[in-house]
Amino acid sequence: FNKLWGTDSINLLEQKNLIPPHGIKSPEIRFQHEYMNSINCSPDIFRCTLTKIPETKNLLQKSRLPLGILIHPFKDLTQLPVIQCSTIVRCRSCRTYINPYVYFVDSKRWKCNLCSRVNDLPEEFQYDPVTKTYGDPSRRPEVKSATIEFLAPADYMVRPPQAAVYLYLLDISSAAVDTGYLKQVCDTLLEQMDLIPGDSRAQIGFIAYDSFIHFFNLAESLNQPHEQVVCDIDDIFIPCPDNLLVSLTENRSIVRHLLTQLPTRYLESSDNISALGPALQAAQKLLAPIGGRITVFQCTLPTIGPGALTNRELNLKNASKELKNALNPSTDFYKKLALDCATQYIAVDLFFINNQYVDISSISCAAKFSGGCIYHFPNYHYTNNPAQSILFEQAFQRYITRKIGFEAVMRVRCSRGLSIHTFHGNFFVRSTDLLSLPNCNPDSGFGMQVSIDESLSDFQHVCFQAALLYTSSKGERRIRVHTLCLPVVGNVNDVLNGVDQQCVMGLVAKMAVDKSLDSGLNDAREAFINVVVDVLSAYSTTQNSLPNLALIASPLLKMFPLYTHSILRSNGFRSDLQVRLDDRVHFMNQMKTLPLSTLIQSIYPDLYPIHNVANTPLALDCDEEVPDFPLIHLCSSRIEAQGVYVMDKPELIVIYVCRSISKEFCQNVLNVENYANFNELSELPELDNPLSLRIRNFINNLQMLKPHFVSVRIFREDSRERMLFVRNLVEDRGESSSSYYEFLQQLKTMVH
Ligand SMILES: [Zn+2]
């Protein structure tokens, strides 16, 4: 039987090296026709938990695996075919876009791969402008690429494409001003102003809030910004709507004036109240006619006006009931506001830069239901906590300069017989399969659960197609389409043999977040364990004879128990109350929206030993000399006293230097005589020797794979910073949690 799998089963209790040197990849999707293998959608964009779809619901149940898709629809791409045509070819029955998996009945007709209807091809589609001939529709880019973007004709607009509009909401309570964040926000905006996406119509505005709401008139004719304060926060109105939103190009000098003044403007204030709700209401009123993006910086718990909140963290005496309540919003104010915003094409993005509880679970609803995004910088202080202010700056720079789409909607279609039933991510569901995304950004991911309603046995393959319709920052209406095709199989071994363990983890994490909100953290933890036990049991039953002392996993699911163990120890799902409530809620929010690769890396960061640089071969596919360091387990037993380790996390790269490191490494890479002289670095010195060059190339390579630059921290094993490294060694036993090995022992008793 093992031959059928192509490789032996793994006894998890004995096999200590599960991680392949280059990490876990998505399993390849294989069809009988080589052509179909070569054109499928990239797994970075579109993935399914099962790369072989069971032909019946029954078969799916037998496999004990969840069926769902994860998508990163607006990911930054280096190559994207863009097409302009007068007619976009779509199925007349189900509205699917023509794609590489349709069947051409003849040169004038195509059969839809989602609903099987035969459609006529328009004349235009058959004409090849290059050779000026008719016929052979298969040469068209629409059927050559699984990812494509159309410039949409007028019938894809309900109104002229909106301008890019950016409105910043600034908490200026005294606690907020004390953190110094205003300086960092304003400086970054001043530096990056030319890179903010938009055309000549782009607009910008600012609202500040403490007990009152402060508006800024930015008319170019004024000598300096004119501040208007509204004190009636219970019934907010816009004092004088002109020149609150102004042209980013024409009013540039007065905008710069304001950004220069803001950091010091409220230094003397002792108002420590934050009227976030009224500020958001004002912002919504201001943007309602156009739509756009609201960016909120929140440092304190909002305690007055509509949307006021109370500190619920204080009440957490025992974990279960109080925690479940506190994970859920305490008011529907922010959700309602978000739904109103969504209908006006307004998204709300949130930066929490708090030192104390702000109730992220309530406030984050403003972003969750408006297609917004959420950032969290606990213990932020501009000068006292430089590590955190660097992370904030990196994230904010990326935020203001990355691509953005406005007034977007996304629809995901699937082959007849399948249906999509539960959505995960930040959006507003407009109809069963239409997601409203007032903004879309290139860093957000989405998940969908899928069920099999009818037998698929008549089909050799099924397809999913996601279409994202949006207005670009240049005022163009565009449609980005991704099509994923998967083979259908008829027996359970084939299903198990096509499982994508990372994708399963990503989907189960999203389902567990919902579970913890609906029925509590303990139930969510149990659900994780049940999935692992189910998966391992289902596999066991396919094995002929089982040694009693073994815990057997298929090679394709060997990492799944490890990921599960790690997520159970994360800030989101750990059982003890040592983690702050806002940190827990933020982790859960991230599980709902991070693209898969980032999600996996935040549960289980990549760890490489880099001290044997001279003896490490070079990676083959790089132009530079990049050492091919192998990945290792996150376990203190892998850490050697003479070693140096790189830990690659989504927001930070850590280099951890152990005490017996060679003098050679110290001198050639760290530029110090020996370990005793080494203190700490925030970048690798540029030394003129091959070891230094190779290590720097390696780090640069890791950074290139990220959507934005992330900083590097290099420190000793006895440094104050050591927890940045050590707490990610998640396979070790923790203060109140089992080691990975102990976890496996528990699983064994449950599987047998
Ligand atoms: Zn169709």
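**Student:** Tell me about the overall build of the protein, and please be specific about residues and values.
**Tutor:** When helices and strands are tallied, the protein shows 23 helices and 32 strands. In terms of C-alpha radius of gyration, the protein reaches 27 Å, essentially the compact-globule figure of 27 Å for 752 residues. Projected onto its principal axes, the C-alpha coordinates of the protein cover approximately 80 × 75 × 60 Å. For the protein, the residues scored as buried account for 60% of the 752 residues in total. Contacts in the protein between residues at least 24 apart in sequence constitute 75% of all its contacts with a sequence separation of at least 6. When the accessible surface of the protein is totalled, it reaches about 30900 Å², and 48% of it is carbon and sulfur. With 70 positive and 78 negative side-chain charges, the protein shows a separation of 5 Å between the mean positions of the two kinds.

**Student:** How would you sum up the coordination of the zinc ion? Please name residues and give values.
**Tutor:** Protein coordination of the zinc ion is provided by Cys 91 (SG), Cys 94 (SG), Cys 112 (SG) and Cys 115 (SG), with donor distances spanning 2.2 to 2.4 Å. Taking relative accessible area as the criterion, Cys 112 reaches 3% and is therefore assigned buried.

**Student:** Tell me about the confidence of the model for the protein, and please be specific about residues and values.
**Tutor:** Considering every residue of the protein, the mean pLDDT works out to 94; 98% of them sit at 70 or more. Residue range residues 1-6 is modelled with pLDDT below 50. Its contacts to residues more than four positions away, or to other chains, number 17 contacts.

**Student:** Break down a nonpolar patch on the surface for me, citing the residues and quoting the values.
**Tutor:** Together, Tyr 103, Val 105 and Val 118 give the surface a local cluster of nonpolar side chains, amounting to about 270 Å² of exposed area. Structurally, Tyr 103 is set in strand E6 (residues 103-106). Since its relative accessible area comes to 54%, Tyr 103 is described here as exposed.

**Student:** Explain helix H6 (residues 181-192) to me, and be specific about the residues and the numbers.
**Tutor:** End to end, H6 covers 16 Å across 12 residues, agreeing with the expected 16 Å (1.5 Å per residue, within 8%). Counting buried positions along H6 yields nine of 12 residues, so the element is predominantly enclosed. Tucked into the core, H6 has its buried residues touching strand E12 (165-171), helix H5 (174-179), strand E13 (203-209), helix H7 (252-265), strand E17 (292-298) and helix H13 (386-401).

**Student:** Quick rundown of the sheet that holds E6? Include the residues and the values.
**Tutor:** Reading across from one edge, E6-E7-E8 is the order of the three strands in this open sheet, with antiparallel pairing throughout. Two strands lie at the open edges of the sheet, namely E6 and strand E8 (118-120), each paired on one side alone. The average angle at which neighbouring strand axes cross in this sheet is 35°, direction not considered. Sheet topology places E6 next to strand E7 (residues 109-111); three bridges connect them, and they run antiparallel. Counterpart to Tyr 103 in the pairing with E7 is Lys 111.

**Student:** I'd like a description of empty space enclosed by the protein, backed by residues and values.
**Tutor:** Scanning the model with the defined rule gives six cavities of 30 Å³ or more in all. In this structure, the largest cavity encloses a volume near 80 Å³. As for the largest cavity, its lining consists of Pro 73, Phe 74, Gly 371, Gly 372, Asn 426, Leu 437, Asn 439, Cys 440, Asn 441, Ser 444, Phe 446 and Leu 468. With three residues, strand E23 (residues 434-440) is the largest single contributor of residues to the lining of the largest cavity.

**Student:** Run through the layout of surface pockets, naming residues and quoting values.
**Tutor:** Approximately 710 Å³ is the volume attributed to the second largest pocket. Lining the second largest pocket are 23 residues, and of these His 33, Met 36, Tyr 101, Gln 460 and His 461 lie nearest its centre. Within the lining of the second largest pocket, the residues separate by chemical class into 13 nonpolar, seven polar and three charged.

**Student:** Go over the nonpolar core, please, and point to the residues and values.
**Tutor:** With 244 residues, the main nonpolar core has Phe 206 and Phe 573 as its most contacted residues. By size, the runner-up hydrophobic cluster in this structure holds 14 residues, among which are Ala 152, Tyr 156, Val 409 and Leu 469.

**Student:** Would you mind going over the pairing of strand E29 (residues 644-648) in detail, with residue names and values included?
**Tutor:** Burial runs high along E29: five of the five residues are buried. Here four bridges tie strand E28 (residues 606-609) to E29, and the two strands are oriented antiparallel to one another. Residue pairing across strands places Tyr 608 opposite Val 646, the latter belonging to E29. In the sheet, E29 pairs with strand E30 (residues 653-657) via five bridges, with the strands oriented antiparallel. Bridging across to E30, Met 647 finds its partner in Val 654. Taking the residues between adjacent antiparallel strands as the criterion, E29 and E30 are bridged by four residues.

**Student:** Give a detailed account of the pattern of salt bridges, specifying residues and quantitative values.
**Tutor:** Oppositely charged side chains can pair when the atoms bearing their charge come close. The full count for this structure, using the stated rule, is 29 salt bridges. A salt bridge links Asp 187 to Lys 183; its shortest N-O distance comes to 3.1 Å. One end of the pair, Asp 187, and the other, Lys 183, are both in helix H6, four residues apart, so they sit about a helical turn from each other. Given a relative accessible area of 37%, Lys 183 falls into the partly exposed group. Where salt bridges share partners, they join Asp 76, Arg 398, Arg 402 and Asp 443 into one cluster.

**Student:** Help me get a handle on the side chain of Asn 439, residues and values and all.
**Tutor:** You can see Asn 439 is positioned in strand E23. Assessed through its relative accessible area of 5%, Asn 439 is described here as buried. A distance of 3.4 Å separates a polar side-chain atom of Asn 439 from the backbone oxygen of Gly 292. For Asn 439, the residues in contact, after removing those within four places along its chain, are Gly 292, Arg 293, Ala 347, Ser 370, Gly 371, Ile 404, Gly 405 and Phe 406.

**Student:** Please provide a residue-by-residue account of the state of the cysteines, values included.
**Tutor:** Within this structure, the stated rule accounts for zero disulfides. Counting only cysteine sulfurs, Cys 240 is the nearest neighbor of Cys 231, a cysteine outside any disulfide, at a range of 16 Å. Cysteine Cys 658 remains unbridged, with the sulfur of Cys 666 as its closest cysteine sulfur at 11 Å. Judged by relative accessible area, which is 2%, Cys 658 ranks as buried.

**Student:** Summarise the sheet that holds strand E21 (residues 418-424); cite the residues concerned and give the values.
**Tutor:** The strand order E2-E4-E24-E21 describes an open sheet built from four strands, whose pairing is antiparallel. This sheet does not close on itself; its edge strands, each paired only once, are strand E2 (46-48) and E21. Neighbour-to-neighbour, the strand axes of the sheet open up by a mean angle of 25°, direction not taken into account. Here E21 pairs with strand E24 (residues 446-452) via six bridges, running antiparallel. In the sheet register, His 424 faces E24, and the bridge partner there is Gly 447. Most of the contacts of helix H15 (residues 501-519) go to strand E4 (residues 68-71), to which it runs at about 95°, and overall it touches E2, E4, E21 and E24.

**Student:** How would you sum up unusual backbone geometry? Please name residues and give values.
**Tutor:** In this model, Arg 95 sits at a positive phi of 70°, which is unusual for a non-glycine residue. Inspection of the secondary structure assignment puts Arg 95 in the loop between strand E5 (82-84) and E6. Of the residues examined, Arg 95 reaches a relative accessible area of 37% and is grouped as partly exposed. Despite not being glycine, Tyr 345 shows a phi value in the positive range, around 60°. Position of Tyr 345 relative to the elements: it lies in the loop between helix H10 (333-343) and strand E18 (346-352).

**Student:** Give me the environment of Phe 125: which residues, what numbers.
**Tutor:** Secondary-structure assignment places Phe 125 in helix H4 (residues 123-126). For Phe 125 and Glu 142, which are 17 residues apart along the polypeptide, the C-alpha to C-alpha distance reads 9.7 Å. For Phe 125, the contacting residues outside a window of four places in its chain are Val 89, Ile 98, Phe 104, Pro 137, Arg 140, Glu 142 and Val 143.

**Student:** Requested: an account of the packing of aromatic side chains, with residues and values cited.
**Tutor:** Under the criterion given, the structure shown has 29 aromatic pairs. Between Tyr 563 and Tyr 604, the ring centres sit 6.3 Å apart and the planes meet at 70°, which makes this aromatic pair edge-to-face. Placement of the pair is Tyr 563 in helix H17 (residues 560-568) and Tyr 604 in the loop between helix H19 (596-603) and E28, with a sequence separation of 41 residues. Like Tyr 563, the residue Tyr 604 is buried in the burial classification. Here the aromatic cluster, defined as three or more aromatic residues joined through ring pairs, consists of Tyr 168, Tyr 181, Phe 206, Phe 297, Phe 351, Tyr 375, Phe 377, Tyr 380, Phe 392, Phe 396 and Tyr 399. Above the face of the Tyr 97 ring, Arg 90 is positioned so that its terminal group lies 4.1 Å from the ring centre. Here the guanidinium or amino end of Lys 335 rests over the ring plane of Phe 369, the centre of that ring lying 4.6 Å away.

How each quantity is defined
Residues numbered from 1 in each chain as written. Predicted model: local features only at pLDDT ≥ 70, side-chain atom pairs only at ≥ 80, totals over all residues. Heavy atoms only, no water. Helix = DSSP H or I, 4+ residues; strand = E, 2+ residues; numbered from the N terminus. Rg over C-alpha atoms; globule rule 2.2 N^0.38 Å. Buried < 20%, exposed > 50% of the residue type's maximum accessible area, 1.4 Å probe, protein only. Contact = heavy atoms within 4.5 Å. Areas by Shrake-Rupley, 256 points an atom, 1.4 Å probe, with all protein chains shown as cover. Lys, Arg positive; Asp, Glu negative; His and termini not counted. Charge placed at Lys NZ, Arg CZ, Asp CG, Glu CD. Donors = N, O, S within 2.8 Å, 3.2 Å for Na, K, Ca; no water. pLDDT = per-residue confidence, 0-100. Patch = residues over 30% accessible without salt bridge, like charges linked within 9 Å, V, L, I, M, F, W, Y side chains within 5 Å. Salt bridge = Lys/Arg side-chain N within 4 Å of Asp/Glu carboxyl O. Expected span 1.5 Å × (residues − 1). Pairing = 2+ DSSP bridges. Axes fitted to C-alpha atoms, helices over the stretch in contact; angles between N-to-C directions. 1 Å grid on protein atoms, 1.4 Å probe; cavity = no way out; pocket = protein on both sides within 12 Å on 5 of 7 lines; lining within 4 Å. Points joined across faces, edges and corners; volume = space filled by probe spheres on them. Nonpolar A, V, L, I, M, F, W, Y, C, P; charged D, E, K, R; others polar. Core = buried A, V, L, I, M, F, W, Y, C linked by side-chain atoms within 4.5 Å. Polar contact = N/O pair within 3.5 Å; in protein donor to acceptor, adjacent residues only side chain to side chain. Disulfide = S-S within 2.5 Å. Phe/Tyr/Trp six-rings, centres within 6.5 Å; stacked < 30°, edge-to-face > 60°. Lys NZ or Arg CZ within 6 Å of the ring centre and 35° of its normal.

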